[in-house]
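Chain residues, written in single-letter form:
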Amino acid sequence: MTDPEAASRRHHIPDRVRDHDVEALETQTKALRAVDYQCGGGMCRDAVVVRIRRGHRMLAMPISEPLRARLFSAVADLHNLAGWTCFDSGHVGAAQHHLDVALKLAADGENAELIANIHYRRGRIDLHYGVMDEALTQFELGRLAAKRAGSKLAASILSANQGWAYAKKGDANLAVGLMGQASEEFAEKGDAVSPDWARFFTEVDVSAMAGSVHTDLALRRGGRHVGQAIAALTDAVRG
């Protein structure tokens, strides 16, 4: 006998992917990302994984070529979110896996903005665990992707994080130089539309990152970096 629930599920699976199917996936990702920001990755990780399964089923279905790239990007961003929620929950291996898959799908979708974001997140995970050389590689790849996408704001974020990684290695020249580059890129962003993921980065964040760079240099080298760290962090707090 036919399982009525299974028959019902089959009935609701479309024969091909249409605009509204991809739009629904994007909307769900946005809602789950809001939960991640507000409550932490543990509160939405399982729900993200469920959507990923749905997304991969859609990838195997007939779809028009103009919509295919958008679907690749939508599923890539789900993996991107899954990677971050796994990292937030202490599942580092799963986080790396999801981000690897996200990179491949984003490349298939030719989405340089998303590629920059994924490299940024991979770099931040490496930075968190003290794997500085790998973090620098990820931030550099992200910065190159941001340039391809034409986003000065995203490039500024990646440059600042590169500078922070060099500061943690004690390389003052490269750290300060990259932080200066980040400030210039931020100033040059103008009124251009920026990727959603990069819009958190404001003047306050530039000052805070400069403070972080000089704090790490102060811990390793002391000297003028102490005063510069205090000045930058004071500006960030005022902001």
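This text goes with the structure placed above it.
About the thresholds
Residues numbered from 1 in each chain as written. Predicted model: local features only at pLDDT ≥ 70, side-chain atom pairs only at ≥ 80, totals over all residues. Heavy atoms only, no water. Helix = DSSP H or I, 4+ residues; strand = E, 2+ residues; numbered from the N terminus. Buried < 20%, exposed > 50% of the residue type's maximum accessible area, 1.4 Å probe, protein only. Contact = heavy atoms within 4.5 Å. Areas by Shrake-Rupley, 256 points an atom, 1.4 Å probe, with all protein chains shown as cover. Lys, Arg positive; Asp, Glu negative; His and termini not counted. Charge placed at Lys NZ, Arg CZ, Asp CG, Glu CD. Phe/Tyr/Trp six-rings, centres within 6.5 Å; stacked < 30°, edge-to-face > 60°. Lys NZ or Arg CZ within 6 Å of the ring centre and 35° of its normal. Axes fitted to C-alpha atoms, helices over the stretch in contact; angles between N-to-C directions. Parallel < 35°, antiparallel > 145°, perpendicular 65-115°, else oblique. Left-handed = near helix turned anticlockwise from the far one by under 90°. Nonpolar A, V, L, I, M, F, W, Y, C, P; charged D, E, K, R; others polar. Salt bridge = Lys/Arg side-chain N within 4 Å of Asp/Glu carboxyl O. 1 Å grid on protein atoms, 1.4 Å probe; cavity = no way out; pocket = protein on both sides within 12 Å on 5 of 7 lines; lining within 4 Å. Points joined across faces, edges and corners; volume = space filled by probe spheres on them.

**Section: the overall build of the chain**
A tally of regular secondary structure across the chain gives 11 helices and 0 strands. Put simply, the chain runs from its N terminus to its C terminus through helices and strands in the order α-α-α-α-α-α-α-α-α-α-α. By its C-alpha atoms, the chain is 80 × 35 × 30 Å across when sized along the principal axes. The buried share of the chain, taken over its 239 residues, is 46%. Of the contacts made within the chain by residues no fewer than 6 positions apart, 65% connect residues no fewer than 24 positions apart. Of the roughly 12200 Å² of accessible surface on the chain, 53% is carried by carbon and sulfur atoms. Computing the positive centroid from 29 side-chain charges and the negative centroid from 30, the chain places the two 2 Å apart.

**Overview of the packing of aromatic side chains**
All told, the structure shown has 5 aromatic pairs when counted by the stated rule. An angle of 70° between the planes, with centres 6.3 Å apart, marks the rings of phenylalanine 87 and tyrosine 129 as edge-to-face. Remark: tyrosine 129 occurs in the loop between helix 6 (112-128) and helix 7 (132-149) and phenylalanine 87 occurs in helix 4 (residues 65-88); sequence separation between them is 42 residues. Among the aromatic side chains, those forming a connected cluster through ring pairs are Trp84, Phe87 and Tyr129. Residue placement shows arginine 121 over the ring face of tryptophan 84; its charged tip is 5.0 Å from the ring centre.

**Focus: the side chain of serine 156**
Within the secondary structure, serine 156 is located in helix 8 (residues 152-168). Aside from chain neighbours lying at most four places away, what touches serine 156 is Ala182, Glu185, Phe186 and Phe201.

**Considering the packing of helix 4 against helix 6**
Put simply, helix 4 and helix 6 touch, their axes get as near as 11 Å, and they point 15° apart. The angle between helix 4 and helix 6 places the two elements in the roughly parallel class. Helix-helix and strand crossings are classified by hand; for helix 4 and helix 6 the assignment is left-handed. Across the interface between the two elements, Ser73, Ala76, Asp77, Asn80, Trp84 and Phe87 from helix 4 touch Leu114, Asn117, Ile118, Arg121, Arg124, Ile125 and His128 from helix 6. Among the residues forming the contact of helix 4 with helix 6, the class breakdown is 6 nonpolar, 4 polar and 3 charged.

**Observations concerning the environment of proline 62**
By the element assignment, proline 62 lies in the loop between helix 3 (45-59) and helix 4. A sequence separation of 46 residues divides proline 62 from arginine 16, and the C-alpha atoms of the two residues are 4.8 Å apart. Leaving out residues up to four positions away in the same chain, proline 62 has contacts with Asp15, Arg16 and Val17.

**Notes on unusual backbone geometry**
Of note, the phi angle at glutamate 110 is positive, near 55°, even though the residue is not glycine. In this structure, glutamate 110 sits in the loop between helix 5 (92-108) and helix 6.

**So, the pattern of salt bridges**
Inspection of every chain in the model, using the stated rule, returns 12 salt bridges. Close ionic contact of arginine 220 with aspartate 216 constitutes a salt bridge, the shortest N to O distance being 3.2 Å. Taken together, the positions of arginine 220 and aspartate 216, both in helix 10 (residues 203-221) and 4 residues apart, correspond to about one turn of that helix. Judged by relative accessible area, which is 44%, arginine 220 ranks as partly exposed. According to the relative accessible area criterion, aspartate 216 is buried, its value standing at 9%. One salt bridge in this structure joins arginine 238 and aspartate 235, with 3.8 Å as the shortest N-O distance.

**Side note on the layout of surface pockets**
Computed from the structure, the largest pocket encloses a volume of approximately 910 Å³. Looking at the lining of the largest pocket, the elements that each hand over two or more residues are helix 2 (19-39), helix 4 and helix 6. In terms of residue count, the dominant contributor to the lining of the largest pocket is helix 6 (8 residues).

**Description of the environment of glycine 180**
Counting through the fold element by element, glycine 180 comes out in helix 9 (residues 172-187). For glycine 180 and valine 206, which are 26 residues apart along the polypeptide, the C-alpha to C-alpha distance reads 10.0 Å.

**Comments concerning the side chain of arginine 121**
Structurally, arginine 121 can be placed in helix 6. Despite its burial, arginine 121 pairs with no opposite charge, the nearest such side chain being aspartate 36 at 5.7 Å. Excluding residues within four positions of it along the chain, arginine 121 makes contact with Arg33, Tyr37, Asn80 and Trp84.

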